[in-house]
Amino acid sequence: MADLAVGTPLDSYLAQVMQADAGLRDAAAVVAAVAEAAIEISAVIGRGALGGDLAATGDQNSDGDVQKALDVIAHERVTAALRGAPVATVASEEAEGVMVLNPSAPLAVAIDPLDGSSNIGVNMAVGTVFGIRPAIPGDDVEASFRTPGTTQLAAGFVSYGPATALIVTFGQGTQSFVLDREQGQFRLTSPAMKIPAAAKEYAINASNTRFWDPPVKAFVEDCLRGTEGPRDKDFNMRWLGSMVADIQRVLTRGGVFLYPGDSRKGYARGRLRVLYEVAPVAMLIEQAGGAATDGQARILDLVATGIHERAPLICGSTEEVDCVSTYYAGGKPDAGRSPLFGQRGLIRP
Ligand SMILES: O=P(O)(O)OC[C@H]1O[C@](O)(COP(=O)(O)O)[C@@H](O)[C@@H]1O
Ligand SMILES: [Mg+2]
Ligand SMILES: [Mg+2]
């Protein structure tokens, strides 16, 4: 695309996307709608407790999580915005079944209106995640969502952190924008995000260690052994508990994010949902030069059979993701020396 100068307003960027590829016109309109809703949600979050108790609990959502006030507000704002966009159906974390908006419209949107709900009310980053697919017309409203992540035309997330950022991909690299609060619009900050291939940072909820799959245990144990283990480098660990914020860090400076399957009841396929968390993140990560797997398969090849289906997510810098895949395949990482030689004080020079 011609002009991708830093500072370009989102509207101008989306106009260029539409001009370059007419097939993305409708998807660009959906991104514009999500961005509008995100500006409103950002204002609500920015007022914090001055606007009421955003963490007040209510009903349970489809996944059994207790909904907080902000989950409901975000769901209402995004669905209202999507009604004005070319959207046939919506699969939202906060609605049990598929929502039918305009059956003759060309697109189906999967959305997590508010990601990182456990961080609501404590002034930590939360987000909105979305993936946009072609709608498959017909009576089966779930059909559009029973396709692999490779069918996504666009995907992205908004992170409501110290700055409100929109990270988006139309399959032509991953771009990031920041909300210019004075002008009330998102402006381009990175025309082509690039995840470093190698990194020394991992993100996982370590309180679940005893429940993890053996390959994940082995991977993390070797990270902890640092220069005294087969990886031969020291790692740092970060876990915010808001996927969007953890993924934004990985997209920005590299690292690996893991939410694996584990042996807790209901967690055999992890915690994150294929359609509105895992697949959008995988597209963003791949478009930024990284990799995303469930341990065995490429995330973007997964097909969800239900709209709230879960999948393990291991994504980020290619070297780290490949390393985890090696453990899943029954191997050991090759960091230039055998695990035996990696033991300090054993045979290590
Ligand atoms: O509390 P845990 O098990 O560490 O899970 C944290 C994960 O759950 C999530 O909050 C799930 O998303 P929701 O808040 O949208 O349900 C992710 O953002 C986060 O990475
Ligand atoms: Mg979420
Ligand atoms: Mg959510």
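Residues numbered from 1 in each chain as written. Chains lettered and ligands numbered in written order. Predicted model: local features only at pLDDT ≥ 70, side-chain atom pairs only at ≥ 80, totals over all residues. Heavy atoms only, no water.

**Student:** Mind showing me how you'd approach the packing of helix 5 (residues 243-253) against helix 6 (residues 274-287) here?
**Tutor:** Two elements in contact, helix 5 and helix 6, have axes whose closest approach is 11 Å; the angle formed by their N-to-C orientations is 15°. Classified by the interaxial angle, the pair formed by helix 5 and helix 6 is roughly parallel. Considering only the axes of helix 5 and helix 6, their crossing is right-handed. Listed contacts from helix 6 to Met243, Ile247, Val250 and Leu251 of helix 5 are Glu277, Val281, Leu284 and Ile285. For the contact of helix 5 with helix 6, the class distribution of residues is seven nonpolar, no polar and one charged. (Axes fitted to C-alpha atoms, helices over the stretch in contact; angles between N-to-C directions. Helix = DSSP H or I, 4+ residues; strand = E, 2+ residues; numbered from the N terminus. Parallel < 35°, antiparallel > 145°, perpendicular 65-115°, else oblique. Left-handed = near helix turned anticlockwise from the far one by under 90°. Contact = heavy atoms within 4.5 Å. Nonpolar A, V, L, I, M, F, W, Y, C, P; charged D, E, K, R; others polar.)

**Student:** Teacher, can you tell me more about the side chain of glutamine 67 here?
**Tutor:** Mapped onto the elements, glutamine 67 comes out in strand 2 (residues 66-68). Within polar-contact distance, the side chain of glutamine 67 engages the side chain of glutamate 94 at 2.8 Å. Not counting the four nearest positions on each side in its chain, glutamine 67 is found in contact with Ala56, Thr57, Gly58, Asp59, Gln60, Asn61, Val72 and Glu94. (Polar contact = N/O pair within 3.5 Å; in protein donor to acceptor, adjacent residues only side chain to side chain.)

**Student:** Teacher, can you tell me more about the domain arrangement of the chain here?
**Tutor:** It is common to give the size of an interface as the accessible area lost on bringing the parts into contact. Domains assigned within the chain are domain 1 (10-190) and domain 2 (201-342). The C-alpha centroid of domain 2 is placed 24 Å from the C-alpha centroid of domain 1. Each partner contributes residues to the interface: domain 1 has 50 residues there, and domain 2 has 31 residues. When domain 1 packs against domain 2, close to 2900 Å² is buried across both sides, 59% of that on carbon and sulfur atoms. Summed over the shared surface of domain 1 and domain 2, the result is two salt bridges. The closest approach of N and O atoms between aspartate 65 and arginine 271, which form a salt bridge, is 3.6 Å. Linking domain 1 with domain 2 are 15 residue pairs in polar contact (both at pLDDT 80 or more), by the criterion used here. If you list the elements that add at least two residues to the side of domain 1 that touches domain 2, you get strand 3 (87-92), strand 5 (107-115), strand 6 (126-134), strand 7 (154-160) and strand 8 (164-169). Grouping the amino acids of the side of domain 1 that touches domain 2 by side-chain chemistry returns 21 nonpolar, 20 polar and nine charged. (Domains from an automatic or database assignment. Buried area = accessible area lost by both parts, 1.4 Å probe. Salt bridge = Lys/Arg side-chain N within 4 Å of Asp/Glu carboxyl O.)

**Student:** Sorry if this is basic, but what is going on with the coordination of the magnesium ion (ligand 2) here?
**Tutor:** By definition of the ideal shapes, a tetrahedral metal site with four donors has angles of 109.5 degrees and an octahedral site with six donors has angles of 90 or 180 degrees. Of the protein atoms, only Asp112 (OD), Asp115 (OD) and Glu277 (OE) coordinate the magnesium ion (ligand 2), at distances of 1.8 to 2.0 Å. For the magnesium ion (ligand 2), all donor residues lie on one chain, and their spacing in sequence is D-x2-D-x161-E. Separating the magnesium ion (ligand 2) from the magnesium ion (ligand 3) is a gap of 3.7 Å, which aspartate 112 spans by donating to each of them. Pair noted here: aspartate 115 is in strand 5 and glutamate 277 is in helix 6, with a separation of 162 residues, a long-range link. A residue is classified by how much of its surface remains accessible, and aspartate 115, at 4% relative accessible area, is buried. (Donors = N, O, S within 2.8 Å, 3.2 Å for Na, K, Ca; no water. Buried < 20%, exposed > 50% of the residue type's maximum accessible area, 1.4 Å probe, protein only.)

**Student:** Which parts of the structure should I look at to understand the site of ligand 1?
**Tutor:** Within the structure, ligand 1 sits among 17 residues, and Ser117, Asn205, Met243, Tyr259 and Arg271 are positioned closest to it. The separation between an oxygen atom of ligand 1 and a polar side-chain atom of glutamate 93 is 2.9 Å. Within the side chain of aspartate 112, an N or O atom sits 2.9 Å from an oxygen atom of ligand 1. With the chains in place, 90% of the 470 Å² that ligand 1 exposes on its own is no longer accessible. In terms of residue count, strand 5 provides more of the shell around ligand 1 than any other element does, three residues in total. Across the shell around ligand 1, the residue classes break down as five nonpolar, five polar and seven charged. Domain assignment of the residues forming the shell around ligand 1 places at least three in each of domain 1 (10-190) and domain 2 (201-342). (Near = heavy atom within 4 Å. Areas by Shrake-Rupley, 256 points an atom, 1.4 Å probe, with all protein chains shown as cover.)

**Student:** Would you explain the coordination of the magnesium ion (ligand 3) in this entry?
**Tutor:** Distances from the magnesium ion (ligand 3) to its protein donors, Glu93 (OE), Asp112 (OD) and Leu114 (O), fall within 2.1 to 2.2 Å. Binding-site remark: the magnesium ion (ligand 3) is held by donors from one chain whose sequence spacing is E-x18-D-x1-L. Overall, glutamate 93 belongs to the buried group, its relative accessible area being 4%. Using a relative accessible area of 1% as the deciding quantity, one classes leucine 114 as buried.

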